[in-house]
Amino acid sequence: MRRTRFKHVCLAALLTLAGLGGAGTLPAAASGGGATASSPSAADAAPASAALLDGMRKEFGLTKEQAVARLEAERDATALEPRARRTAGTAYAGSWFDAADGRLTVAVTSKSSQATRAAIRAEGAGVRVVEHSARVLDAAKSRIDRLSAPSGVSGWHVDAATNTVVVTVVRGEDSDNDVQRFLAQARAAGPVSVETVAATPRTFAAGTVGGDPYYTGNVRCSIGFSVHGGFVTAGHCGQAGAGVRGWDGSYIGNFQGSSFPDNDYAWVNVGSGWWTVPVVLGWGTVSDQLVRGSAEAPVGASVCRSGSTTHWHCGTVLAKNETVNYSQGAVHQMTKTSVCAEGGDSGGSFISGDQAQGVTSGGWGNCTGGGETWFQPVNEILSRYGLTLHTY
């Protein structure tokens, strides 16, 4: 039996209480599981721990009662979003969780009928009438994806609330000729708005540092979620075939598949005395979190990240299906968040409640001054490699 680090004691206790047993020595800094993107109702979901509620109080300035209400509202919105999309049909123009209103807002075009809008409201969502459908906005983004972006452009995504494709430009680079040329081409592709960000996005891998989750070559990264037979993580952390060592330097397995850029995902097989559990480390900030599924949280919902450098931090989902323009090349279908991260956090878990969301890719800023971070959605990784998420 491997020796157990102090930081894994609370996780072993959690697993024992959960009836998983035998997890006294956990090799992974973060893990998760499960294949099906189930959407538990608020009534079915496990009650939030006191530590999680305290974390939300600190991150969002909420009382305990407000935190409980928000988690319930977000679970309801997550379950409602696919139904509202079907009800809206071709008039669907996107949706997001409105924290102030405590419910999902669904955008529909003016071509939608009064009956359709009434049906969406009857399901519990708010309705906003806009000009462009999601299909029109997605097509415009696809045309922009085919352009070659200069380094002064950090990315672009469809934003349902503004009903445009938002192109983000690094502050101070907006007058650059190449940036202006790109923006002109983007505007010709469809409805576009422009926002500025503080810095160019970068990936969050780091040089080898002792005592952290896993290493490949001279790179340290973080485990994302457990799958049956291994774990998923970021593609920029290692190429297919590369060997992986755990926190204690012992062999775990190898990268079985990896994609970066274009995508930023990978998976590693687990063996040699290591095993997987459906848990994400809370690093003492909150209780270690059991993973029960992978239902995708809507824009506006709260989301938390676990990583080997900066440990546990939370924020909100800002955008989906964003193309991020890293120096190594563009990465597509990313989710943008207000959560901070730093070098070594790459590959780590993004989780909303008890639902796996994705693996940390990169961003800008840090956890002292703040920043933004993107993750690659976990369901896309599971589908790409035919993996099954390990869930409790």
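Throughout what follows, the structure given in this document is the object of discussion. Please read these numbers as outputs of a predicted model, since none were measured by experiment. (Residues numbered from 1 in each chain as written. Predicted model: local features only at pLDDT ≥ 70, side-chain atom pairs only at ≥ 80, totals over all residues. Heavy atoms only, no water.)

### Observations concerning helix α6 (residues 177–189)
Right, on to step 1. Counted at 1.5 Å a residue, the expected span for α6 with its 13 residues is 18 Å, and the 19 Å between its end C-alpha atoms agrees.
Right, on to step 2. If you check which residues of α6 are buried, you get V179, F182, L183, A186 and A189. Seen along its axis, α6 keeps its buried residues to an arc of 110°; they face one direction. Pointing more than 90 degrees away from the buried face of α6 are the exposed residues N177 and A188.
Right, on to step 3. Where the residues of α6 are buried, they touch α5 (134–145), β4 (153–159), β5 (164–170) and β6 (192–197).
Right, on to step 4. The residue sitting at the N-terminus of α6 and contributing the capping side-chain oxygen is D176; that oxygen lies 2.9 Å from the backbone nitrogen of D178.
Right, on to step 5. Positioned one or two residues after α6, G190 has a phi angle of 160°, which is positive. (Helix = DSSP H or I, 4+ residues; strand = E, 2+ residues; numbered from the N terminus. Expected span 1.5 Å × (residues − 1). Buried < 20%, exposed > 50% of the residue type's maximum accessible area, 1.4 Å probe, protein only. Arc of directions from axis to C-beta. Contact = heavy atoms within 4.5 Å. Polar contact = N/O pair within 3.5 Å; in protein donor to acceptor, adjacent residues only side chain to side chain.)

### Some thoughts on the sheet that holds strand β2 (residues 103–109)
Right, on to step 1. Spatial strand order, β1-β2-β3: three strands in an open sheet with mixed pairing. The open sheet has two edge strands with one neighbour each: β1 (92–98) and β3 (126–130). Averaged over all pairs of adjacent strands, the angle between their axes in this sheet comes to 25°, without regard to strand direction.
Right, on to step 2. Helix α3 (residues 64–88) contacts β1 and β2 of the sheet and is inclined by roughly 175° relative to β1. (Pairing = 2+ DSSP bridges. Axes fitted to C-alpha atoms, helices over the stretch in contact; angles between N-to-C directions.)

### Details of the nonpolar core
In globular proteins that are soluble, nonpolar side chains generally tend to be buried together.
Right, on to step 1. By size, the foremost hydrophobic cluster in this structure holds 20 residues, and its most contacted members are F225, V232, V291, W312, V378, L387 and L389.
Right, on to step 2. Ranked by residues supplied to this core, first place goes to helix α7 (residues 378–385) with four residues.
Right, on to step 3. Apart from residues no more than four positions distant in its own chain, W312 is found in contact with V280, L281, G282, W283, T285, V286, Q289, C304, R305, S306 and I351. (Core = buried A, V, L, I, M, F, W, Y, C linked by side-chain atoms within 4.5 Å.)

### Some thoughts on the pattern of salt bridges
Right, on to step 1. This model, assessed by the stated rule, comprises nine salt bridges.
Right, on to step 2. Of the charged contacts in the structure, one is a salt bridge between E74 and R70, with a shortest N-O distance of 2.7 Å. Of this pair, E74 and R70 both sit in helix α3, four residues apart, roughly one helical turn.
Right, on to step 3. A relative accessible area of 3% places E74 in the buried class.
Right, on to step 4. The class of R70 is buried, set by a relative accessible area of 13%.
Right, on to step 5. Here D101 and R103 are joined by a salt bridge, their closest N and O atoms 2.5 Å apart. (Salt bridge = Lys/Arg side-chain N within 4 Å of Asp/Glu carboxyl O.)

### Focus on the state of the cysteines
Right, on to step 1. In this structure the tally under the stated criterion is three disulfides.
Right, on to step 2. Put simply, C221 and C237 are joined by a disulfide, and their sulfur atoms are 2.0 Å apart. Taking the sign of the S-S torsion, about -90° here, the bridge from C221 to C237 comes out left-handed. Linking C221 in strand β10 (residues 219–221) with C237 in the loop between β12 (230–233) and β13 (243–245), this pair joins segments that are 16 residues apart in sequence. As far as the burial class goes, C221 and C237 line up, both buried.
Right, on to step 3. For C340, the disulfide goes to C367, at an S-S distance of 2.1 Å. Taking the sign of the S-S torsion, about 100° here, the bridge from C340 to C367 comes out right-handed. A residue pair is termed long-range when its members are at least 10 positions apart, and C340 in the loop between β20 (329–337) and β21 (349–352) and C367 in the loop between β22 (355–366) and β23 (370–377) qualify at 27 residues.
Right, on to step 4. In the chain, the bonded cysteines, taken in the order they occur along the sequence, pair up as 1-2, 3-4, 5-6. (Disulfide = S-S within 2.5 Å.)

### Notes on the packing of aromatic side chains
Right, on to step 1. Across all of its chains, the model carries six aromatic pairs by this definition.
Right, on to step 2. Through pairs of rings, three or more aromatic residues link up here, namely Y214, F231 and F255.
Right, on to step 3. In this structure, R70 packs its charged tip against the face of F60, placed 4.7 Å from the ring centre. (Phe/Tyr/Trp six-rings, centres within 6.5 Å; stacked < 30°, edge-to-face > 60°. Lys NZ or Arg CZ within 6 Å of the ring centre and 35° of its normal.)

### Some thoughts on α3
Right, on to step 1. With 25 residues, α3 should cover 36 Å at 1.5 Å per step; its first-to-last C-alpha distance of 35 Å lies within 8% of that length.
Right, on to step 2. L80 marks the point of greatest bend in α3, at about 35°, and the proline P82 comes within the next four residues.
Right, on to step 3. G89 occupies a position one or two residues after α3 and carries a positive phi of about 60°. (Bend = angle between axes of the 7 residues up to and from the residue.)

### Here's the deal with unusual backbone geometry
Right, on to step 1. Cis rather than trans, the peptide bond between F260 and P261 has omega equal to -5°.
Right, on to step 2. Tracing the sequence through the fold places P261 in the loop between β14 (251–259) and β15 (265–269).
Right, on to step 3. At H311, a position not held by glycine, the phi torsion is positive, near 65°.
Right, on to step 4. With respect to the secondary-structure elements, H311 resides in strand β19 (residues 311–326).
Right, on to step 5. The exposure class assigned to H311 is partly exposed, which follows from its relative accessible area of 27%.
Right, on to step 6. At Q333, a position not held by glycine, the phi torsion is positive, near 60°.
Right, on to step 7. By the element assignment, Q333 lies in strand β20.

### Re the environment of A301
Right, on to step 1. The residue A301 is located in the loop between β17 (289–290) and β18 (302–307) in this model.
Right, on to step 2. With 17 residues separating them in the primary sequence, A301 and L318 have C-alpha atoms 8.5 Å apart.
Right, on to step 3. Once residues lying within four places of it in the same chain are set aside, the contact partners of A301 are R70, E74, F97, G315, T316 and V317.

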